[in-house]
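Tertiary structure, described
One-letter residues, chain by chain:
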Amino acid sequence: MGNKTLNDLFLTTLKDVYYAEKAIVRALSKMAKAAESEDLKEAFLKHREESEGHVQRLEQVFEMLGKKASGKTCEAIKGIIEEGQEIMEDFGDSDALDAGLIAAGQAVEHYEISRYGTLRTWARHLDMRDAVKLLDQTLAEEKKTDQLLSELAEARANPKADRAA
(Lines give C-alpha, C1' and ligand atoms only; values in the text may rest on other atoms or scores of the structure.)
Protein backbone atom coordinates (compact mmCIF):
# COMPACT_ATOMS: atom_id res chain seq x y z
CA MET A 1 0.00 0.00 0.00
CA GLY A 2 2.79 2.44 0.76
CA ASN A 3 2.52 5.66 2.66
CA LYS A 4 -0.72 7.37 1.64
CA THR A 5 -1.06 11.05 2.48
CA LEU A 6 -3.83 13.55 3.09
CA ASN A 7 -3.24 14.75 -0.48
CA ASP A 8 -4.02 11.24 -1.71
CA LEU A 9 -7.15 11.08 0.41
CA PHE A 10 -8.22 14.53 -0.82
CA LEU A 11 -7.85 13.45 -4.45
CA THR A 12 -9.71 10.17 -3.90
CA THR A 13 -12.59 11.98 -2.19
CA LEU A 14 -12.61 14.64 -4.90
CA LYS A 15 -13.04 11.90 -7.51
CA ASP A 16 -15.83 10.36 -5.42
CA VAL A 17 -17.80 13.60 -5.15
CA TYR A 18 -17.19 14.39 -8.84
CA TYR A 19 -18.83 11.09 -9.77
CA ALA A 20 -21.60 11.79 -7.26
CA GLU A 21 -22.36 15.27 -8.63
CA LYS A 22 -22.64 13.98 -12.19
CA ALA A 23 -25.01 11.23 -11.05
CA ILE A 24 -27.02 13.74 -9.03
CA VAL A 25 -27.52 16.00 -12.05
CA ARG A 26 -29.18 13.07 -13.86
CA ALA A 27 -31.25 12.05 -10.82
CA LEU A 28 -32.54 15.58 -10.18
CA SER A 29 -34.09 15.69 -13.65
CA LYS A 30 -36.03 12.50 -12.90
CA MET A 31 -37.06 13.73 -9.46
CA ALA A 32 -38.29 17.04 -10.87
CA LYS A 33 -40.35 15.20 -13.47
CA ALA A 34 -41.89 12.97 -10.79
CA ALA A 35 -42.67 15.74 -8.27
CA GLU A 36 -46.29 16.81 -8.01
CA SER A 37 -45.75 20.22 -6.40
CA GLU A 38 -44.58 23.00 -8.72
CA ASP A 39 -42.43 24.39 -5.89
CA LEU A 40 -40.69 21.06 -5.49
CA LYS A 41 -40.21 20.70 -9.26
CA GLU A 42 -38.63 24.18 -9.31
CA ALA A 43 -36.41 23.38 -6.32
CA PHE A 44 -35.09 20.22 -7.98
CA LEU A 45 -34.50 21.98 -11.31
CA LYS A 46 -32.76 24.91 -9.63
CA HIS A 47 -30.52 22.55 -7.72
CA ARG A 48 -29.77 20.64 -10.90
CA GLU A 49 -28.42 23.89 -12.37
CA GLU A 50 -26.43 24.51 -9.19
CA SER A 51 -25.09 20.96 -9.34
CA GLU A 52 -23.86 21.57 -12.88
CA GLY A 53 -21.95 24.50 -11.38
CA HIS A 54 -20.63 22.21 -8.65
CA VAL A 55 -19.22 19.94 -11.34
CA GLN A 56 -17.47 22.94 -12.91
CA ARG A 57 -16.03 24.02 -9.55
CA LEU A 58 -14.74 20.50 -8.94
CA GLU A 59 -13.11 20.59 -12.36
CA GLN A 60 -11.37 23.80 -11.30
CA VAL A 61 -10.06 22.08 -8.17
CA PHE A 62 -8.75 19.18 -10.27
CA GLU A 63 -7.04 21.75 -12.49
CA MET A 64 -5.44 23.40 -9.43
CA LEU A 65 -4.02 20.00 -8.55
CA GLY A 66 -2.71 19.50 -12.07
CA LYS A 67 -5.01 16.50 -12.50
CA LYS A 68 -7.55 15.56 -15.14
CA ALA A 69 -11.08 15.65 -13.75
CA SER A 70 -12.29 12.10 -13.34
CA GLY A 71 -14.77 10.29 -11.20
CA LYS A 72 -14.45 7.24 -9.03
CA THR A 73 -17.59 5.15 -8.67
CA CYS A 74 -19.36 6.23 -5.51
CA GLU A 75 -21.36 3.31 -4.17
CA ALA A 76 -22.92 5.51 -1.47
CA ILE A 77 -24.54 7.92 -3.93
CA LYS A 78 -25.58 5.05 -6.19
CA GLY A 79 -27.46 3.55 -3.23
CA ILE A 80 -29.03 6.86 -2.20
CA ILE A 81 -30.20 7.53 -5.77
CA GLU A 82 -31.53 3.98 -6.04
CA GLU A 83 -33.59 4.55 -2.89
CA GLY A 84 -35.02 7.70 -4.49
CA GLN A 85 -35.95 5.67 -7.56
CA GLU A 86 -37.72 3.13 -5.36
CA ILE A 87 -39.73 5.95 -3.75
CA MET A 88 -40.81 7.15 -7.19
CA GLU A 89 -41.89 3.61 -8.11
CA ASP A 90 -43.54 2.70 -4.80
CA PHE A 91 -45.26 6.03 -4.07
CA GLY A 92 -45.80 7.39 -7.58
CA ASP A 93 -49.57 7.39 -7.30
CA SER A 94 -49.85 8.56 -3.72
CA ASP A 95 -50.15 11.81 -1.79
CA ALA A 96 -46.92 10.82 -0.03
CA LEU A 97 -44.79 11.03 -3.19
CA ASP A 98 -43.48 14.56 -2.65
CA ALA A 99 -42.66 13.87 1.00
CA GLY A 100 -40.71 10.81 -0.12
CA LEU A 101 -38.93 12.74 -2.87
CA ILE A 102 -37.93 15.41 -0.38
CA ALA A 103 -36.56 12.75 1.98
CA ALA A 104 -34.57 11.26 -0.90
CA GLY A 105 -33.32 14.70 -1.90
CA GLN A 106 -32.24 15.44 1.63
CA ALA A 107 -30.36 12.15 1.85
CA VAL A 108 -28.39 13.33 -1.20
CA GLU A 109 -27.84 16.77 0.33
CA HIS A 110 -26.64 15.35 3.64
CA TYR A 111 -24.16 13.13 1.83
CA GLU A 112 -22.88 16.09 -0.17
CA ILE A 113 -22.69 18.34 2.89
CA SER A 114 -20.52 15.78 4.67
CA ARG A 115 -18.24 15.34 1.64
CA TYR A 116 -17.83 19.04 0.89
CA GLY A 117 -17.28 19.83 4.56
CA THR A 118 -14.53 17.22 4.72
CA LEU A 119 -12.91 18.37 1.48
CA ARG A 120 -12.98 22.00 2.61
CA THR A 121 -11.36 21.10 5.93
CA TRP A 122 -8.65 19.06 4.21
CA ALA A 123 -8.07 21.80 1.62
CA ARG A 124 -7.64 24.30 4.44
CA HIS A 125 -5.16 21.99 6.17
CA LEU A 126 -3.29 21.47 2.88
CA ASP A 127 -3.17 25.27 2.39
CA MET A 128 -5.24 25.15 -0.82
CA ARG A 129 -6.85 28.56 -0.35
CA ASP A 130 -8.47 28.77 -3.79
CA ALA A 131 -9.92 25.28 -3.43
CA VAL A 132 -11.29 26.21 0.01
CA LYS A 133 -13.20 29.13 -1.55
CA LEU A 134 -14.72 26.94 -4.26
CA LEU A 135 -15.65 24.17 -1.84
CA ASP A 136 -17.12 26.71 0.59
CA GLN A 137 -19.36 28.10 -2.16
CA THR A 138 -20.67 24.66 -2.98
CA LEU A 139 -21.12 23.72 0.68
CA ALA A 140 -23.22 26.86 1.24
CA GLU A 141 -25.45 25.99 -1.73
CA GLU A 142 -25.91 22.41 -0.49
CA LYS A 143 -26.94 23.66 2.96
CA LYS A 144 -29.33 26.18 1.41
CA THR A 145 -30.98 23.45 -0.68
CA ASP A 146 -31.32 21.22 2.37
CA GLN A 147 -33.04 24.09 4.23
CA LEU A 148 -35.39 24.75 1.31
CA LEU A 149 -36.35 21.07 1.14
CA SER A 150 -37.08 21.11 4.88
CA GLU A 151 -39.33 24.13 4.43
CA LEU A 152 -41.20 22.50 1.53
CA ALA A 153 -41.65 19.32 3.56
CA GLU A 154 -43.02 21.11 6.61
CA ALA A 155 -45.23 23.55 4.73
CA ARG A 156 -46.80 21.22 2.16
CA ALA A 157 -45.53 17.75 1.47
CA ASN A 158 -45.66 16.24 4.96
CA PRO A 159 -49.13 17.62 5.79
CA LYS A 160 -50.43 16.40 2.40
CA ALA A 161 -49.00 12.92 3.01
CA ASP A 162 -50.45 12.87 6.53
CA ARG A 163 -53.93 13.99 5.42
CA ALA A 164 -54.06 11.12 2.97
CA ALA A 165 -54.16 8.68 5.88
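The structure under discussion appears in the preceding block.
Reference entry: report on the structure contained in this document. (Residues numbered from 1 in each chain as written. Predicted model: local features only at pLDDT ≥ 70, side-chain atom pairs only at ≥ 80, totals over all residues. Heavy atoms only, no water.)

1. Here's the deal with empty space enclosed by the protein
For the record, the criterion: The pocket and cavity definitions rest on a 1 Å grid over protein atoms only: a 1.4 Å probe that fits but cannot leave marks a cavity, an open set with protein on both sides within 12 Å along at least five of seven lines marks a pocket, and residues lining either have an atom within 4 Å of a point. Grid points are joined across faces, edges and corners, and a volume is the space filled by probe spheres set on the points. In this description a helix means any DSSP run of H or I spanning at least four residues, a strand means any run of E spanning at least two, and both kinds are numbered starting from the N terminus. Throughout this entry, Asp, Glu, Lys and Arg are counted as charged residues, while Ala, Val, Leu, Ile, Met, Phe, Trp, Tyr, Cys and Pro are counted as nonpolar. The remaining residues, Gly among them, count as polar.
This structure, assessed with the given rule, holds 1 cavity of 30 Å³ or more. By volume, the largest cavity amounts to about 80 Å³. Lining the largest cavity, in full, are Ile-24, Ala-27, Leu-28, Met-31, Ala-43, Phe-44, His-47, Gly-105, Val-108, Glu-109, Thr-145 and Leu-149. Within the residue set of the lining of the largest cavity, elements represented by two or more residues are helix 1 (6–34), helix 2 (38–64), helix 4 (97–125) and helix 5 (129–163). For the lining of the largest cavity, the element with the most residues is helix 1, which contributes 4 residues. By residue class, the composition of the lining of the largest cavity is 8 nonpolar, 3 polar and 1 charged.

2. Section: the pattern of salt bridges
This is how the line gets drawn: By convention in these notes, a salt bridge is any Lys or Arg side-chain nitrogen within 4 Å of a carboxyl oxygen on Asp or Glu. Residue burial is assigned from relative accessible area. The probe radius is 1.4 Å, only protein chains are included, and a residue is buried under 20% of its type maximum, exposed over 50%, and partly exposed in between.
For the structure shown, the criterion picks out 8 salt bridges. In this structure, Asp-136 and Arg-120 form a salt bridge, with 3.0 Å as the shortest nitrogen-oxygen distance. With Asp-136 in helix 5 and Arg-120 in helix 4, the pair connects residues that are 16 residues apart, well separated along the chain. Across the pair Asp-127 and Arg-129 runs a salt bridge, and its minimum N-O distance is 3.3 Å. You can call Arg-129 exposed: its relative accessible area is 59%.

3. Regarding the environment of Lys-22
Checked against the element boundaries, Lys-22 lands in helix 1. Given a relative accessible area of 37%, Lys-22 falls into the partly exposed group. Separated by 33 residues in the primary sequence, Lys-22 and Val-55 place their C-alpha atoms 6.9 Å from one another.

4. Some remarks on the layout of surface pockets
There is about 150 Å³ of room inside the largest pocket. For the largest pocket, the full set of lining residues is Ala-23, Arg-26, Ala-27, Lys-30, Met-31, Ile-80, Ile-81, Gly-84, Gln-85, Met-88, Ala-104 and Val-108. Every element with two or more residues in the lining of the largest pocket is listed here: helix 1, helix 3 (75–91) and helix 4.

5. With respect to unusual backbone geometry
Although it is not a glycine, Asp-127 sits at a positive phi angle of roughly 60°. Relative to the helices and strands, Asp-127 is located in the loop between helix 4 and helix 5.

6. Describing the packing of aromatic side chains
Which entries qualify depends on this criterion: Within 6.5 Å between ring centres, the rings of Phe, Tyr and Trp (the latter by its six-membered ring) count as paired, and their orientation is classed by plane angle as stacked under 30 degrees, edge-to-face over 60, tilted in between.
Taken as a whole and assessed by the stated rule, the structure comprises 1 aromatic pair. When the ring of Tyr-18 is compared with that of Phe-62, the centres are 5.4 Å apart and the planes differ by 80°; the resulting orientation is edge-to-face. Of this pair, Tyr-18 sits in helix 1 while Phe-62 sits in helix 2, and the two are 44 residues apart along the sequence. For the residue pair Tyr-18 and Phe-62, the accessibility class agrees, reading buried in each case.

7. Brief notes about a negative patch on the surface
Filter applied, for reference: Like charges are joined within 9 Å and nonpolar side chains (Val, Leu, Ile, Met, Phe, Trp, Tyr) within 5 Å, but only among residues with over 30% relative accessible area and no salt bridge; these make up the patches. Accessibility throughout is a Shrake-Rupley quantity obtained with a 1.4 Å probe, and a residue counts as covered only by protein chains that appear here. The positive count covers Lys and Arg only, the negative count covers Asp and Glu only, and His and the chain ends enter neither. Every charge is mapped to an atom, namely NZ of Lys, CZ of Arg, CG of Asp or CD of Glu.
A surface patch of negative charge is lined by Glu-82, Glu-83, Glu-86, Glu-89 and Asp-90. Within the fold, Glu-83 resides in helix 3.

8. Examining helix 4
Rules: One less than the residue count of a helix, multiplied by 1.5 Å, gives the span that helix is expected to have.
A rise of 1.5 Å per residue sets the reference length of helix 4, with its 29 residues, at 42 Å; its end C-alpha atoms lie 42 Å apart and thus fit the reference within 8%. Looking one or two places after helix 4, you find Asp-127, whose phi comes out positive at around 60°.

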